[in-house]
Amino acid sequence: MALVASMSLATAKAAPALPSSQPIDLTVAAEKAVNSVVYIKVTTNGKTQTVQYFDPFEDFFGDFFGRGQGNGGNRNQQRQIETPKRTGAGSGVILTADGYIVTNNHVVQEADELLVKLNDNREFKGRIIGTDKTTDLALIKIEAENLPAITVGNSESLKLGEWVLAIGNPFSLTSTVTAGIVSAKARSLGATGGIESFIQTDAAINPGNSGGALVNTNGELVGINAMIYSQTGSYAGYGFAIPTTIMNKVVEDLKNFGTVQRALLGITATDVSTKIDMEKEKGKDVDYGTVTGIYVNEVTADGAAAEAGLQEGDVIIELDGKKIDKFGELQEALVAHRPGDQVKVTYLRNKSKRTATVTLRNIQGTTSAVQNLDTDELGVALRPLTEAEKKELSLSHGLMITAVRDGLMKKQGVAKGIILMQVNDVKLNTVQDFENAVKAANLSTERVLWIRAKTQSGLNRSYNIELSEPKAKEEGKSQKK
């Protein structure tokens, strides 16, 4: 090994000298952007949770101690535990002078309190405007003026090998700047289960950098640092940022609608290169007319793509004239659109080029905007059952309705004192369970709450709550995922 290294060194010395040039100056970019990156402290309050546990000695000791569970009784027990108060930290980027800040969803998603600290050490209480798990982005707000808003650049103009800076608060080390290059674009990892079209960089990103800025040499924001690829939990050479092409649309939707208006093509697909490799493993030699692009595995029945004539086995190669080589590029292109937008899709069928105009739809199968639903519109106040109530009513879980006012629930006859047990297959232990079930139903195709409940006398009750009438439903079209 020493000999090889020595020979390599000698060879390098013998090579022609490269033209000398000044190293790139990153100081201007760092100074320009660092004041736009904030430290976010997240506090999650302790919560009471009911957990089930299995007592292996209940049969043996139950009758002896008078618990009455011997001779094959139920050994599944319940107990309440108090989760401790937790704190965490991340980063955020100031987008506007009046206090809108973008960060990662995973930084703030469980926050009961947000404390935002600026680079000049001023502190503000923060509130969540909206979150989007699919892209791992969130928008928060502080009440302030004349803040140093960052200049947002165009992530599409980034080139491989271009210098970038990662700015954030790793390990609570505030205002940390690291440098690297763009290692890859439109990278999909399959790690989030959502939309992935990451900028990959070798700029050091560590815990606490999440939500921070990735900026170019002009100090312009080109990405939001989101995750690392590591087996240790710390930087191992690979960091990933959400491009501003995705961020811009998500932030705008969260401000205007409270939820992201996601436009769907109505297909499941994979990279052509991946499809070719899969077929080779089966011993098949396939020719799709290209080795790049998106292979359509399935077309959703009555979806946007099906209406435009796309079929299983087609290969998408362009969207609105822009070449599409891999799935991440298709996701990034679609996320900029809203339901009702029309896009021109160029694809191959049996190696023959075709084009189609596709009208994109939302998750409910329509072309209108999806409205965020405030659970206050349901018109009920809820609280978890106490342990005494559970024992008295012989229930393991449930939410008691403590007050009812005009709203969707009252219209269906829901009254004070009713105990909600389950919503759309979700058992209700906490108010958060109810809110999550309502949010999921609002974004589903049916938009209905199927509620199972009980009276305090033990009678079963059921309610079907339609969240709203379908909007702008095209005649004769069924809803889709």
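Residues numbered from 1 in each chain as written. Predicted model: local features only at pLDDT ≥ 70, side-chain atom pairs only at ≥ 80, totals over all residues. Heavy atoms only, no water.

Novice: Whenever I open this one, the nonpolar core confuses me. Can you help?
Specialist: Side chains of nonpolar character tend, in soluble globular proteins, to be buried together. If you look at the biggest cluster of nonpolar residues, it comprises 32 residues, and the most contacted ones within it are Leu95, Val102, Leu137, Ile150, Leu221 and Met247. Contributing elements (two or more residues each) for this core: α2 (27-33), β5 (100-103), β8 (137-141), β9 (163-168), β12 (213-215), β13 (221-228), β14 (239-243) and α5 (244-256). For this core, the leading source of residues is α5, giving 5 residues. Ignoring anything within four residues of it in the chain, the contact list for leucine 221 reads Val93, Leu95, Ile150, Thr151, Val152, Gly153, Ala213, Leu214, Val215, Thr244 and Met247. (Core = buried A, V, L, I, M, F, W, Y, C linked by side-chain atoms within 4.5 Å. Buried < 20%, exposed > 50% of the residue type's maximum accessible area, 1.4 Å probe, protein only. Helix = DSSP H or I, 4+ residues; strand = E, 2+ residues; numbered from the N terminus. Contact = heavy atoms within 4.5 Å.)

Novice: It is not clear to me how the pattern of salt bridges should be interpreted in this structure. Could you clarify?
Specialist: Oppositely charged side chains can form a pair if their charged atoms are brought close together. For the structure on display, the rule yields 19 salt bridges. The residue arginine 86 makes a salt bridge to glutamate 110 at a minimum N-O spacing of 2.9 Å. A residue pair is termed long-range when its members are at least 10 positions apart, and arginine 86 in strand β4 (residues 86-94) and glutamate 110 in the loop between α4 (105-108) and β6 (113-117) qualify at 24 residues. Under the relative-accessibility criterion, glutamate 110 is labelled partly exposed at 46%. Between glutamate 389 and arginine 383 there is a salt bridge, with its nearest N and O atoms 2.7 Å apart. Look at arginine 383 and you get partly exposed, because its relative accessible area is 29%. A single network of salt bridges, built from pairs that share partners, joins Lys249, Glu252, Asp253 and Arg338. (Salt bridge = Lys/Arg side-chain N within 4 Å of Asp/Glu carboxyl O.)

Novice: Please clarify how the pairing of strand β22 (residues 399-404) should be interpreted in this entry.
Specialist: The side chains of a regular strand alternate between the sheet's two faces. In the sheet, strand β21 (residues 380-384) pairs with β22 via 5 bridges, with the strands oriented antiparallel. Among the inter-strand pairings, valine 380 is bridged to a residue of β22, identified as valine 404. Examined bridge by bridge, β22 and strand β23 (residues 419-423) share 2 bridges and lie antiparallel to one another. Residue leucine 399 lies in a different strand from β23, and its bridge partner there is leucine 420. (Pairing = 2+ DSSP bridges.)

Novice: Would you mind showing me how to read the pairing of strand β17 (residues 315-319) here?
Specialist: Counting buried residues in β17 gives 4 out of 5 residues, a clear majority hidden from the surface. Pairing of strand β16 (residues 294-299) with β17 involves 2 bridges; the strand directions are antiparallel. Directly across from tyrosine 295, in β17, lies its bridge partner valine 315. In this antiparallel pair of consecutive strands, β17 and strand β18 (residues 322-323), the connection spans 2 residues, and aspartate 320 shows a positive phi of 55°.

Novice: Got a minute to help me understand the environment of glutamate 82 in this structure?
Specialist: Mapped onto the elements, glutamate 82 comes out in strand β3 (residues 76-82). In this structure glutamate 82 comes out as exposed when scored by relative accessible area, which is 54%. For the pair glutamate 82 and glycine 46, spaced 36 residues apart in sequence, the C-alpha to C-alpha distance is 6.4 Å.

Novice: Explanation requested: the side chain of lysine 275 in the structure shown.
Specialist: Within the element layout of this structure, lysine 275 appears in helix α6 (residues 272-281). Using a relative accessible area of 13% as the deciding quantity, one classes lysine 275 as buried.

Novice: How do you make sense of helix α8 (residues 327-334) when you look at a structure like this?
Specialist: Side chains three or four residues apart in an α-helix point the same way, a direct result of the helix having 3.6 residues per turn. The buried fraction of α8 is high, at 7 of 8 residues. What α8 keeps buried is the set Gly328, Glu329, Leu330, Gln331, Glu332, Ala333 and Leu334.

Novice: Explain the environment of alanine 89 to me, please; I cannot follow it from the model alone.
Specialist: Mapped onto the secondary structure, alanine 89 falls in strand β4. Under the relative-accessibility criterion, alanine 89 is labelled partly exposed at 36%. For the pair alanine 89 and serine 172, spaced 83 residues apart in the sequence, the C-alpha separation amounts to 7.1 Å. Each residue touching alanine 89, except ones within four places of it in the same chain, is listed here: Tyr39, Ile40, Ser172 and Gly208.

Novice: Please explain the sheet that holds β14 as it appears in this structure.
Specialist: Neighbouring strands of a sheet are bound in pairs by backbone hydrogen bonds; such pairs are parallel or else antiparallel. In spatial order, the strands read β9-β10-β11-β14-β13-β12; together these 6 strands close into a barrel with antiparallel pairing. Between one strand axis and the next, the sheet turns by 45° as a mean value, whatever way the strands run. Where strand β10 (residues 176-187) meets strand β11 (residues 198-201), 3 bridges bridge the pair, whose relative direction is antiparallel. Its bridge partner lying in β11, alanine 184 is registered against glutamine 200. Of the strands in this sheet, β13 and β14 are in contact with α5, which crosses β14 at around 50°. (Axes fitted to C-alpha atoms, helices over the stretch in contact; angles between N-to-C directions.)

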